[in-house]
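Coordinate analysis (summary)
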Amino acid sequence: MPRSATAAEAQAADEQSQYLTFMLGGEQFAIGILGIKEIIEYAGLTEVPMMPECIRGVINMRGAVVPVLDLSARFGRKVTAITKRTCIIIVEIESDGERHDMGVIVDAVNAVLEIPLSEIEPAPAFGAKIRTDFIAGMGKVNGKFVILLNVDQVLSPDEISALAQVGANAQASAGVPGPT
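About the cut-offs
- Residues numbered from 1 in each chain as written.
- Predicted model: local features only at pLDDT ≥ 70, side-chain atom pairs only at ≥ 80, totals over all residues.
- Heavy atoms only, no water.
- Core = buried A, V, L, I, M, F, W, Y, C linked by side-chain atoms within 4.5 Å.
- Buried < 20%, exposed > 50% of the residue type's maximum accessible area, 1.4 Å probe, protein only.
- Helix = DSSP H or I, 4+ residues; strand = E, 2+ residues; numbered from the N terminus.
- Phe/Tyr/Trp six-rings, centres within 6.5 Å; stacked < 30°, edge-to-face > 60°.
- Pairing = 2+ DSSP bridges.
- Axes fitted to C-alpha atoms, helices over the stretch in contact; angles between N-to-C directions.
- pLDDT = per-residue confidence, 0-100.
- Contact = heavy atoms within 4.5 Å.

Details of the nonpolar core
- Counting residues in each nonpolar core, the largest one holds 28 residues, and the members touching the most others are F22, L69, L71, F75, I89, L149 and L155.
- Every element with two or more residues in this core is listed here: β1 (16-24), β2 (27-32), α2 (71-74), β6 (87-95), β7 (98-106), β10 (135-141), β11 (144-149) and α3 (151-154).
- Top contributing element to this core by residue count: β6, with four residues.
- In this structure, I59, V66, I88 and I105 belong to the second largest nonpolar core, which totals eight residues.

Some details on the packing of aromatic side chains
- Evaluated as defined, the whole model comprises three aromatic pairs.
- Arranged with centres 5.6 Å apart and planes meeting at 40°, the rings of F75 and F134 form a pair that is tilted. Residue F75 is located in the loop between α2 and β6, and its partner F134 is located in the loop between β9 (120-121) and β10; the two are separated by 59 residues in the primary sequence.
- Since its relative accessible area comes to 9%, F75 is described here as buried.
- Accessibility expressed as a relative area gives 2% for F134, which makes it buried.
- A connected cluster of aromatic rings, assembled from ring pairs, spans F22, F29, F75 and F134.

Description of the sheet that holds β7
- Strand order in this open sheet of five strands is β3-β6-β7-β5-β4, and the pairing throughout is mixed. Every interior strand has two partners, whereas the edge strands, β3 (36-41) and β4 (55-61), have only one. Taken over all neighbouring pairs, the strand axes of this sheet differ in orientation by 35° on average, direction set aside.
- Both strand β5 (residues 64-70) and β7 contribute to a ladder of three bridges, which runs parallel. For L69, the partnering residue across the bridge sits in β7 and is V104.

Looking at the confidence of the model for the protein chain
- On average, residues of the protein chain carry a pLDDT of 79, and 74% of them reach 70 or more.
- Taken together, the stretch residues 1-13 has pLDDT below 50 and engages in zero contacts with residues farther than four places along the chain or on a different chain.
- In this model, residues 173-180 is a region of pLDDT below 50 whose contacts with residues beyond four sequence positions or in other chains number three contacts.

Topic: the pairing of β4
- Of all seven residues in β4, five are buried; the element is thus mostly enclosed.
- Pairing between β4 and β5: six bridges, direction antiparallel. From the neighbouring strand, I59 faces β5, where its bridge partner is V66.

Here's what the structure looks like:
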């Protein structure tokens, strides 16, 4: 009977997932814990010219250059104001079969929560303040919703690259000289 016990344990593990919750512009969001590599204190970034507003710069993570994205600006909101509680969450995303590290700036990290699958609703078709393809689901925690983000969509290198191109095109049409 060990096999059925193992299957039951696997099913129980599948019925809830762990999420790191954080604040962004007064709202609570969450990212699945399996995609998170670490959380670091906000420290000075190296700014990179000609990037979209949501790319705040890069940091050195043990010899690797890691881009840092302002999640608030990515969602079309105001740029995150840096405070004592501001953190950078280092996440691993997948794009075209490759894994990449990326940092995201958030107002504050809250806690790791276990949210049962029975308490996760599908992404709404409308009514959210962000695009619905960014939303993996809506978790119910203590009677309130937590927006569960799909980090591979939110941090898609292809889409961020397209944002950079739109910014460059806007600058060119405004008569602002580009890089030479």
